[in-house]
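Here is what each chain is made of, one letter per residue.
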Amino acid sequence: MPELPEVETIVRGLGPRLRGRRIDGVWWSGQGLHLGRKVDLRGLRAVAVGRAVARVRRRGKYILLEVAGGDDRGIIVHLGMTGQLRVQPAAAERAPHTHVVFPLAGGDELRFVDARRFGWVTPGRPIARAPALAALGPDPLTELDATELATALAEARTPIKAFLLDQRRIAGLGNIYVAEVLFRVGAHPATPARRLARRAPELLAAVREALEGGIARRGTTLRDYVDADGLAGDNLAALLVSGRAGQACARCGAEIRRRVDGGRATFFCPRCQRR
Ligand SMILES: [Zn+2]
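Residues numbered from 1 in each chain as written. Predicted model: local features only at pLDDT ≥ 70, side-chain atom pairs only at ≥ 80, totals over all residues. Heavy atoms only, no water.

S.K.: Before we move on, could you go through the nonpolar core and cite the residues and values that matter?
M.R.: Residues L14, L18, I63, I75, V77, V100 and F102 are the most contacted members of the largest nonpolar core, which totals 41 residues. For I75, the contacting residues outside a window of four places in its chain are I23, L44, A48, I63, L64, L65, F102, V121 and T122. Ranked by size, the runner-up nonpolar core spans 31 residues in total, among them L144, A156, L204 and A206. (Core = buried A, V, L, I, M, F, W, Y, C linked by side-chain atoms within 4.5 Å. Buried < 20%, exposed > 50% of the residue type's maximum accessible area, 1.4 Å probe, protein only. Contact = heavy atoms within 4.5 Å.)

Written as C-alpha cells, this is what we have:
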C-alpha cells in the first residue's frame, strides 16, 4: 500500500505535468471503488470541468488536486492498495483497470488505474471539509512536533505499532515505514505507546528519517507502486527490516522476524527490539 513517501513522490511528479492544465471532462468505468462505492461523477464534473489544475499537494496519504478559482475546490484521490495516477496521451491505450479518467486540454488524460479497487476519487468542495481529511492527524513532516507527540503518547492506551498506524494521530504512516521507525528506535511493536512518551523527540526524528529516506529514493515498490512516470521506486533495498524475515539484522546479526497483529505484518529484530 502506498504510504507517505510514495504519495509524496507521485505528487512531486504530477505537479509539473498538471499545473495550469484545464480539465475538460470526467469518465468513470462504472465499477465501484473503495468497497463498491459509486464514483460521484456529477460532483466531480461540477468541481473540475472547465477549470485548470492550480496545485497538486498531499495530506497524509491523500493526493489533492486543487483547481483554479480560489475556493478550495478540487479532486481528492486515495490510492488504496494498488491505485496509480498517471498522465498519458489521450491516444495511448488505457491500461486494464483504468477506472476514472480526466481528459485535459491539449490532448493528455489524467488516469486513475486500480486493480484491486480499494482506492477512491472524490470531489472536494471545499477540500478542507472533506470528511476523510477532517479526521486526519498532523502530517509528520510538516506539522507534528515532539511536545504534541509526547502528550499523545503519554495518554495512549495502545501498543506503539497501532499508535503509529492510526491516521487520526499521525497522517501517512503504514506498515512498511512503521516497522522501519520501530527498528530505528529499538522498540518492539507491542511496546505500550506511553512508554515511549519521554523519547518522543527521538521517535519523531526516526519517523522523519524513515520517510525522508523513502522520498529521496522515490518510494518503496513491493508490487504495484509506481511514480507519476510509471517507474518503480528505489527504496526497497534500503529498508532495514521490512520484508527481511529470515535475514540477518544489519545491526546485530540476529534473524529478522515477522509477526502479525490485527491482520497486519510487522518485521522486527528480536534482539534490537526487545519487549
Ligand atoms: Zn538486531
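After that view, the rundown keeps rolling.
S.K.: Tell me what's going on with a nonpolar patch on the surface, and back it up with residues and numbers.
M.R.: A cluster of nonpolar residues, M1, L35, M81 and F118, forms a patch on the protein surface that exposes about 380 Å² of accessible area. By relative accessible area, M1 is classed as partly exposed at 43%. (Patch = residues over 30% accessible without salt bridge, like charges linked within 9 Å, V, L, I, M, F, W, Y side chains within 5 Å. Areas by Shrake-Rupley, 256 points an atom, 1.4 Å probe, with all protein chains shown as cover. Salt bridge = Lys/Arg side-chain N within 4 Å of Asp/Glu carboxyl O.)

S.K.: Just give me the short version of the coordination of the zinc ion, but keep the residues and values in it.
M.R.: Ligation of the zinc ion by protein atoms is provided by C249 (SG), C252 (SG), C269 (SG) and C272 (SG), these donors lying 2.2 to 2.3 Å from the ion. Here the zinc ion is ringed by four donor atoms whose angles at the metal span 101 to 113°, and the overall shape comes out tetrahedral. (Donors = N, O, S within 2.8 Å, 3.2 Å for Na, K, Ca; no water. Tetrahedral: all angles 85-135°; square planar, octahedral: opposite > 155°, others 65-115°.)

S.K.: How would you sum up the pattern of salt bridges? Please name residues and give values.
M.R.: Applying the stated rule across the entire model yields 22 salt bridges. Between R51 and D71 there is a salt bridge, and its shortest N-O distance comes to 3.1 Å. Of this pair, R51 sits in the loop between α2 (41-48) and β2 (53-59) while D71 sits in the loop between β3 (62-67) and β4 (74-78); the two residues are 20 residues apart in sequence, bridging distant segments of the chain. Salt-bridge contacts for R55 lead to E66; the nearest nitrogen and oxygen are separated by 3.3 Å. With R55 in strand β2 and E66 in strand β3, this pair connects stretches of sequence that are eleven residues apart. Through salt bridges with shared partners, a single network forms among E8, R12, R58 and D139. (Helix = DSSP H or I, 4+ residues; strand = E, 2+ residues; numbered from the N terminus.)

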